[in-house]
Amino acid sequence: MIDFELTEEQQMIRDSVGAFASEQIRKAAREADETGKIQAELIAQAWQLGLTSGPLPEQYGGGGDTRSAITGALIAEELGYGDISIGFHILAPRLVAFPVAEMGTDEQKARMLKQFSGANFVAAAAAIIEPKFDFDLTAIQTTAKRDGVGWILNGVKCNVPLAAESDTLLVYAASDASKGFAGVDAFLVPRDTAGLKISEREKNMGLKGLATHGVTLENCSVGALARLGGDKGINFSRLMSEARIAIAAFGVGLMRSAFDYARDYAKERKAFGVFIAQKQAIAFILADMAIEIDAARLLVWEAASRLDKGEDALEESYLAKNYVAASALKVTDNAVQCLGGHGYVRDHPVEMWLRNARGLAAIDGIATV
Amino acid sequence: MIDFELEPQVLKRLQMYHMVAENMMRPISREYDEKEHEKPWQFYETMWQAQALADVGAPTKSDEKDSGPKLRNLYTVLSTEELCWGDAGLFLSTPNSGLGGAAVMAAGTPQQKARFLKRFSEGKPKWGAMAITEPHFGSDSAAVKTTAVRDGDNWVINGTKIFCTGGEMAAEKSEGFVVVWATVDATAGRAGIKPFVVDHNTPGMSVIRVEDKMGIRASDTAAIVFDNCKIPLDHILGSAEVKREGGFKDVMATFDATRPIVAAMAIGVGRAALDFVRDFLKEQKVEIRYGISQRRLTALERDFMEMEVQLKAARLLTWRAAWMLDTGKRNNLEASMAKAKAGLVVTQITQKAVELLGPLGYSRQYLLEKWMRDAKINDIFEGTQQINMIIVARRILGYGSKELN
């Protein structure tokens with residue numbers, strides 16, 4: 001039955017992550033953007049919230065919570081409200097932990113999951129995107145060829161979060177390029193595998209707090225146990241739906257932060273004898289932002305709820321992510337506009353949010369619910 | 001728990017509405033668009049007979065106990081969408097208590113609700129209409145100049161109303177009624193504005209004009225003059241007392257319930273256009289590829305997906321607004337969000353749909369061009385997009401009408 005109410009538990013998670021995001025993450029956002037560094041202390045604190053370990057099975061030391069895409073979207077939105085660079089960093093280990101928990105073999109679960117259930121942050125991340133202007137998830141160029149019982153990986157990846165500090169990378173590669181989504185596999189590749197090279201840190205317009213790297217795979221040989229899901233492989237389309245919902249949810253949080261800031265500013269800034277928020281030209285921009293935020297969130301929730309019911313959400317997550325990518329850009333741009341020249345100055349966070357929003361369209365698979 | 005799934009019994013009832021839309025409305029759609037002021041009586045009779053359908057367009061507050069679905073407003077929104085997928089003009093002209101009924105529900109006492117609405121479940125087809133707009137204002141509903149003056153056991157109403165949806169059917173062509181908003185105390189501003197039920201063919205009430213319109217032509221839009229129109233004292237809905245908070249608040253409460261319905265009407269038309277384009281492209285073997293890089297999509301695919309997701313966004317906002325009403329939450333921000341978004345995007349969607357089909361889209365051979373004409377009104381009536389944006393803006397800014405106007 002149609003319902004727009006969160007469960008009590010979801011409400012609690014949202015409140016606690018939201019409080020952490022607005023009190024701790026937001027404060028650290030500018031420094032992370034300027035220096036490219038996130039205080040280890042902050043990441044450690046975030047880890048204590050159990051965002052990765054909570055939904056992992058108890059037998060591997062996890063919290064045994066039911067993994068819910070809607071709950072994941074709520075978490076991502078709150079983190080995104082704090083700062084999306086830091087939020088992506090905090091959730092990066094999920095990019096390995098969740099696909100393993102969902103689609104891995106028993107052996108892979110036993111081997112991989114325990115590390116994420118400890119008290120300390122463990123970096124791990126996925127290599128999906130490739131440095132091409134028309135990069136397409138259904139036409140991944142990185143290849144996986146069978147080599148006896150194992151596999152040989154070749155290709156170039158980019159925007160791999162935390163690659164330099166992760167012990168294991170989950171590398172996505174096409175084992176059968178003719179099959180689109182169905183022909184993509186994922187491989188658990190230890191960082192020190194011969195043929196795997198991590199390039200120096202990437203420099204982007206935004207998301208500057210998040211350390212991302214290029215990764216080159218040159219005749220990188222991995223064993224049979226590296227293939228996620230073993231003989232069954234993975235459901236790549238579903239994993240990408242989860243990823244798109246996560247990015248979209250981050251975007252909703254980002255939009256919300258820009259809206260709140262612009263609204264508060266417009267209610268304090270006077271021009272022509274009144275607060276600028278009293279001018280329809282500004283008030284309508286703000287109203288439009290508010291509508292877009294709610295619309296975007298509902299699209300995210302609807303796609304997420306399909307996942308939670310075990311249904312296919314490829315179309316819904318695709319549309320929601322594209323919607324958010326476009327509307328987050330519009331909303332953050334409008335926030336800069338509301339502040340005028342002050343919006344362009346780095347004293348205020350809105351210029352950073354605009355730069356960060358631009359990234360949403362470019363990145364796929366950098367977070368997951 | 002967040003859920004977007006409709007229950008099987010609701011889906012089943014919606015399928016029935018869909019059949020009505022497809023088999024009873026679509027076939028006569030073009031005819032009653034062309035013959036603007038003629039009425040599809042056979043369709044009306046059938047719709048009236050189907051009592052289950054007669055409650056469409058009559059929203060209720062959550063405190064109303066009835067045997068209908070649990071989420072009654074949401075259900076109304078869903079069935080409205082389905083019927084407007086069939087034909088928005090015919091939907092609007094379907095015999096029922098309409099906006100007049102909505103006003104009775106919002107402002108009337110329990111006895112008044114029973115007394116005035118009873119007629120809609122018996123006898124011959126009847127219409128209810130609401131008269132609020134006057135020639136000197138559009139969305140500024142507080143500028144009502146029509147007066148209601150007490151004269152012994154009667155109220156005497158004087159004034160001119162325009163843009164009454166179904167006004168002719170309610171006032172003269174059936175045993176329905178018109179709810180007219182008039183001021184009992186011009187010095188009291190909006191607090192003095194009260195709703196009155198004027199029965200069909202009451203002396204002094206006359207329809208002076210039925211508008212020729214761009215779209216929704218099957219539905220009559222009437223101008224009604226009240227010239228010393230006498231009605232019984234107990235035809236004022238609610239209390240006659242002028243309180244600071246009273247009166248006009250009921251207009252707004254009516255809108256909280258009706259705006260999601262108008263949004264749903266918009267969505268129904270938009271979905272008709274979208275479905276048409278989807279089927280058309282399929283026939284042309286044009287594939288819409290979901291999941292691939294946006295940079296590899298064709299312009300056609302992008303346009304189509306944009307239409308689709310915008311419609312979906314508006315739809316979810318609409319569902320939320322109706323659901324809030326059903327669950328007793330104040331929804332005036334959300335109702336305006338839904339109405340503003342739906343009116344706008346459906347205007348854009350239908351215009352884009354016509355554009356995508358080129359000369360075929362513009363041709364009256366298909367209904368697409370009609371849907372573009374039908375869609376536009378949703379961005380105007382029940383508060384223009386701009387009025388709803390002002391309401392949204394005031395709410396998010398914590399401003400009243402003094403701070404933001």
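Read on for a plain summary of the structure. The model shown is predicted, which means the values in this text are computed figures rather than measured ones.

**Observations concerning unusual backbone geometry**
Part 1 of the argument: Despite not being glycine, A:Leu162 shows a phi value in the positive range, around 55 degrees.
Part 2 of the argument: With respect to the element layout, A:Leu162 can be found in the loop between strand E3 (150-161) and strand E4 (168-174).
Part 3 of the argument: Of note, B:Asn201 is a non-glycine position whose phi angle comes to about 55 degrees, a positive value.
Part 4 of the argument: Among the structural elements, B:Asn201 can be located in the loop between strand E5 (193-199) and strand E6 (205-210).

**A few points about the packing of helix H9 (residues 314-339) of chain A against helix H10 (residues 299-326) of chain B**
Two quantities define a packed helix pair, namely the angle between the axes and the distance from one axis to the other.
Part 1 of the argument: The geometry of H9(A) relative to H10(B) is characterised by a closest axis approach of 10 Å and an angle of 90 degrees between their N-to-C directions. Put simply, H9(A) runs roughly perpendicular to H10(B). Along its contact with H9(A), which presents A:Glu315, A:Glu316, A:Tyr318, A:Leu319 and A:Tyr323, the element H10(B) presents B:Met305, B:Glu308, B:Val309, B:Gln310, B:Lys312 and B:Ala313.

**With respect to the pairing of strand E3 (residues 154-165) of chain B**
Residues and elements named next belong to chain B.
Part 1 of the argument: Strand direction decides the pairing type here: strand E2 (residues 147-151) and E3, joined by five bridges, are antiparallel. Looking across to E3, one finds that Asp 151 is bridged to Asn 154.
Part 2 of the argument: A loop of two residues connects E2 with E3, the two strands running antiparallel in sequence, and Gly 152 in this loop sits at a positive phi of about 65 degrees.

**Considering the interface of chain B and chain A**
Part 1 of the argument: With 46 residues of chain B at the interface, the matching set in chain A holds 49 residues.
Part 2 of the argument: Overall, the association of chain B and chain A removes approximately 4700 Å² of surface from exposure, summing both partners, and the carbon and sulfur fraction of that is 65%.
Part 3 of the argument: Contact with chain A buries surface across chain B, with B:Ile2, B:Phe4 and B:Leu397 losing the most and accounting together for 14% of the total.
Part 4 of the argument: For the pair chain B and chain A, the interface holds seven salt bridges.
Part 5 of the argument: The partner of B:Lys329 in a salt bridge is A:Glu5, and the shortest N-O contact between them spans 3.4 Å.
Part 6 of the argument: The tally of links from chain B across to chain A stands at 22 residue pairs in polar contact (both at pLDDT 80 or more).
Part 7 of the argument: Residue assignment for the side of chain B that touches chain A shows that the elements contributing at least two residues are H10, helix H11 (332-356) and helix H14 (385-397) of chain B.
Part 8 of the argument: Residue contributions to the side of chain B that touches chain A peak at eleven residues, all from H10(B).
Part 9 of the argument: When grouped by side-chain class, the residues that make up the side of chain B that touches chain A number 26 nonpolar, seven polar and 13 charged.

Rules used throughout
Residues numbered from 1 in each chain as written. Chains lettered and ligands numbered in written order. Predicted model: local features only at pLDDT ≥ 70, side-chain atom pairs only at ≥ 80, totals over all residues. Heavy atoms only, no water. Helix = DSSP H or I, 4+ residues; strand = E, 2+ residues; numbered from the N terminus. Axes fitted to C-alpha atoms, helices over the stretch in contact; angles between N-to-C directions. Parallel < 35°, antiparallel > 145°, perpendicular 65-115°, else oblique. Contact = heavy atoms within 4.5 Å. Pairing = 2+ DSSP bridges. Buried area = accessible area lost by both parts, 1.4 Å probe. Salt bridge = Lys/Arg side-chain N within 4 Å of Asp/Glu carboxyl O. Polar contact = N/O pair within 3.5 Å; in protein donor to acceptor, adjacent residues only side chain to side chain. Nonpolar A, V, L, I, M, F, W, Y, C, P; charged D, E, K, R; others polar.

By themselves, these figures tell us nothing about what the structure is for.
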